[in-house]
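# Architecture and fold: a report
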Amino acid sequence: MVDVLLPRPTPAVITERETVSYDALIERVARRKQFLQSRGISRGARVLVACNHSLATVENLLALFEMEALQIPIAWQTPPKRDGDTRRNRLRSLSGPRR
């Protein structure tokens, strides 16, 4: 009976599709961090990320923050037009499934 009276923890992220707790978000960010590291992303990297309003964008931001790397967001509808800009500025490009 007592636990009914205790406040429930608030969700970490709420999207149109799902609600994610802090524990679940921490696990998702850890998996995303492993994925990024497997792709050669490391401390100090500048990563160009095509973003939309999704949980994956939040995961990328937090994982890159933990890695001390910089996420450079661009709107997913307008990917970079010239690959030379990415190379010249030493940006890593990261793309994922579009939903």
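Located above this text is the structure these notes cover.
First, a word on scope: everything that follows refers to the structure included in this document. (Residues numbered from 1 in each chain as written. Predicted model: local features only at pLDDT ≥ 70, side-chain atom pairs only at ≥ 80, totals over all residues. Heavy atoms only, no water.)

Let us look at the nonpolar core. Membership of the largest hydrophobic core comes to 15 residues, with the highest contact counts inside it found for Leu25, Leu36, Ile41, Val47, Leu64, Met67 and Ala69. Mapped by element, the contributors of at least two residues to this core are α2 (22-38), β3 (46-51) and α3 (55-66). (Core = buried A, V, L, I, M, F, W, Y, C linked by side-chain atoms within 4.5 Å. Buried < 20%, exposed > 50% of the residue type's maximum accessible area, 1.4 Å probe, protein only. Helix = DSSP H or I, 4+ residues; strand = E, 2+ residues; numbered from the N terminus.)

It is worth spelling out the packing of α2 against α3 at this point. In contact at an axis separation of 8 Å, α2 and α3 are set at 70 degrees when each is read in the N-to-C sense. With respect to each other, α2 and α3 are oriented roughly perpendicular. For the pair α2 and α3, the sense of crossing is right-handed. Within the contact between the two elements, α2 uses Leu25, Arg28, Val29, Arg32, Lys33 and Leu36 and α3 uses Leu55, Ala56, Glu59, Asn60, Leu62, Ala63, Leu64 and Glu66. (Axes fitted to C-alpha atoms, helices over the stretch in contact; angles between N-to-C directions. Parallel < 35°, antiparallel > 145°, perpendicular 65-115°, else oblique. Left-handed = near helix turned anticlockwise from the far one by under 90°. Contact = heavy atoms within 4.5 Å.)

A few words on α3. If you check α3, its first and last C-alpha atoms are 17 Å apart, about what twelve residues at 1.5 Å a residue would give, namely 16 Å. Backbone nitrogen of Ala56 and a side-chain oxygen of the N-cap are separated by 3.4 Å at the start of α3; the cap is Ser54. Note on α3: the residue one or two positions beyond its end, Glu68, has a positive phi of about 60 degrees. (Expected span 1.5 Å × (residues − 1). Polar contact = N/O pair within 3.5 Å; in protein donor to acceptor, adjacent residues only side chain to side chain.)

Quick look at the pairing of strand β4 (residues 70-75) now. As a general feature of sheets, a regular strand has side chains that alternate between the two faces. Note that β3 and β4 share six bridges and pair parallel. From the neighbouring strand, Arg46 faces β4, where its bridge partner is Leu70. (Pairing = 2+ DSSP bridges.)

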